[in-house]
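# Reading the structure
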Amino acid sequence: TGAIGLYNVGQSCCLNSLLQVFLMNIHFTGILRRITVPPCAAQKRRNVPYQMLLLLEEMQCGKQKAVSPINLACCLSVYRVKLFVQYDAAQLFLTLWNLIKRQMKNPELVEELSYLYTICVQEHLACQKCSFETKRNSSMLTLPLPVLDSNSHVLKTVEDCLQYFFHPEELTDHNMCFCERCGRKTPFLQSMKLVHLPQTLTIHLKRFCFEKSAYIHKLSHYLPFPQELDFNALLTENQCQADDNEKAAWQYELFAVVAHSGSTSCGHYCAYIRSLTECKWYCFNDSEVCQVSWDDVKCTYGHSNLHW
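Predicted, not measured: the structure shown is a model, and the values here were computed from it.

Before going further, it helps to examine the overall build of the protein chain. The secondary structure content of the protein chain amounts to eleven helices and 18 strands. The C-alpha atoms of the protein chain give 21 Å as radius of gyration, which agrees with the globular expectation for 308 residues (19 Å, within 12%). Judged by the C-alpha coordinates and their principal axes, the protein chain covers about 65 × 50 × 40 Å. For the protein chain, the proportion of its 308 residues judged to be buried stands at 45%. Within the protein chain, counting contacts between residues at least 6 apart in sequence, those at least 24 apart form 60% of the total. If you sum the accessible surface of the protein chain, you get close to 16,500 Å²; carbon and sulfur atoms cover 50% of it. Counting 28 positive and 28 negative side-chain charges, the protein chain places the averaged centre of each group 9 Å from the other.

It is worth spelling out the pairing of strand β3 (residues 119-127) at this point. For β3 and strand β4 (residues 133-140), the ladder comprises eight bridges, and the chain directions are antiparallel. Bridging across to β4, Glu123 finds its partner in Arg136. Between β3 and β4, which pair antiparallel one after the other, the connecting turn spans five residues, and Ser131 there sits at a positive phi close to 70°. Note that β3 and strand β9 (residues 188-196) share eight bridges and pair antiparallel. In the sheet register, Cys120 faces β9, and the bridge partner there is His196.

What follows concerns the nonpolar core. Among the nonpolar cores identified, the biggest contains 40 residues, and Phe22, Phe28, Met52 and Tyr117 are the most heavily contacted of them. Elements represented by at least two residues in this core include exactly α1 (13-23), α2 (26-32), α4 (48-61), α5 (70-77), α6 (89-103) and α7 (107-117). If we skip the residues at most four places from it in the chain, Tyr117 touches Phe22, Asn25, Phe28, Phe93, Trp97, Met140, Leu141, Pro198, Thr200 and Thr202. Membership of the second largest hydrophobic core comes to 38 residues, among which are Leu145, Met192, Tyr272 and Val292.

To continue, consider empty space enclosed by the protein. If a probe the size of a water molecule is rolled over the atoms, the empty space left behind becomes visible. Evaluated as defined, the whole model comprises one cavity of 30 Å³ or more. Here the largest cavity defines a volume of roughly 60 Å³. In terms of lining residues, the largest cavity is bounded by Gly10, Gln11, Ser12, Cys14, Leu15, Val81, Lys82, Leu83, Phe84, Val85 and Tyr87. Class assignment of the residues belonging to the lining of the largest cavity gives a composition of seven nonpolar, three polar and one charged.

Bringing the packing of α1 against α4 into the picture now. Relative to each other, α1 and α4 sit at 80°, their axes nearing to 11 Å. In this view, α1 runs roughly perpendicular relative to α4, as classed from their interaxial angle. Mapping the contact onto sequence places Leu19, Gln20, Phe22 and Leu23 in α1 and Met52, Leu55, Leu56 and Met59 in α4. For the contact of α1 with α4, the per-class residue count stands at seven nonpolar, one polar and no charged.

Time to look at the sheet that holds β4. Paired through their backbone hydrogen bonds, the strands of a sheet run either parallel or antiparallel. The strand order across the open sheet formed by four strands is β4-β3-β9-β6, and the pairing between neighbours is antiparallel. Strand pairing shows two members of the sheet lacking a second neighbour, β4 and β6 (169-171), which therefore form its edges. Ignoring which end each strand starts from, the neighbouring axes of this sheet average 30° apart. One ladder, built from three bridges, connects β6 with β9; its direction is antiparallel. Across the sheet, residue Glu169 finds its bridge partner in β9, namely Gln190.

Rules and cut-offs
- Residues numbered from 1 in each chain as written.
- Predicted model: local features only at pLDDT ≥ 70, side-chain atom pairs only at ≥ 80, totals over all residues.
- Heavy atoms only, no water.
- Helix = DSSP H or I, 4+ residues; strand = E, 2+ residues; numbered from the N terminus.
- Rg over C-alpha atoms; globule rule 2.2 N^0.38 Å.
- Buried < 20%, exposed > 50% of the residue type's maximum accessible area, 1.4 Å probe, protein only.
- Contact = heavy atoms within 4.5 Å.
- Areas by Shrake-Rupley, 256 points an atom, 1.4 Å probe, with all protein chains shown as cover.
- Lys, Arg positive; Asp, Glu negative; His and termini not counted.
- Charge placed at Lys NZ, Arg CZ, Asp CG, Glu CD.
- Pairing = 2+ DSSP bridges.
- Core = buried A, V, L, I, M, F, W, Y, C linked by side-chain atoms within 4.5 Å.
- 1 Å grid on protein atoms, 1.4 Å probe; cavity = no way out; pocket = protein on both sides within 12 Å on 5 of 7 lines; lining within 4 Å.
- Points joined across faces, edges and corners; volume = space filled by probe spheres on them.
- Nonpolar A, V, L, I, M, F, W, Y, C, P; charged D, E, K, R; others polar.
- Axes fitted to C-alpha atoms, helices over the stretch in contact; angles between N-to-C directions.
- Parallel < 35°, antiparallel > 145°, perpendicular 65-115°, else oblique.

What follows is the structure, encoded as structure tokens:
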């Protein structure tokens, strides 16, 4: 089935969860299987995509319930991804993806990898005094959605978080920008328009809050998300900068959830992943893997009374 666990080799639950999400994505493994194998043993030990490929083959060829990712972990340690460290999943995802992209030598595979994961947006800044406007295209690997609005009110659903993320924001008072046409700082309207969404869209819920004392605490409130998401139904025409062919592909089915329990200083990660070949949900909790239902996945909505 491909539902093979990964042993925890030193507080590696976050790494294990992300590896499972990468390796259960058949579109990603289709790219990974076509990489150029490094020529010598020393380069093989230091090459992240190659070590991921070896791990994938071990998971698929072995008959054991779990395998050890120690060789890949040692490879990552060369690039300062250490064991026995508490990681944030979104941060580690960015680190892994950038290492994979940088070490893939084939430009065609790099382009395919980017198309699979990269989000493209257009940032707008418009002066509220003279209507002078600047535009800038940029790319990102995740949609970092706030779970609180500007007044610290809880956003109720992931759809609410998405609409708030793309809602225009007024920059006034100490946030004013310098306008080249006016020659001084003026109020601006900042907005973001969606240009392109990838085949695999990664959403990052910003479940942390900075207080005045610089103390960071986790926001564990209940936040439901759907199994299907249609961006055409969520966003207005003014929030999109794409043609109809592009927008026709903006419909998604939930594939995986990386979930954290605990506080910002300590805790545990696991992954809930829907097999793209079987269409069944599995819970990957390090070396333990079991089939689950959609109701089980809902425990990742959050709330102190909910448990995996």
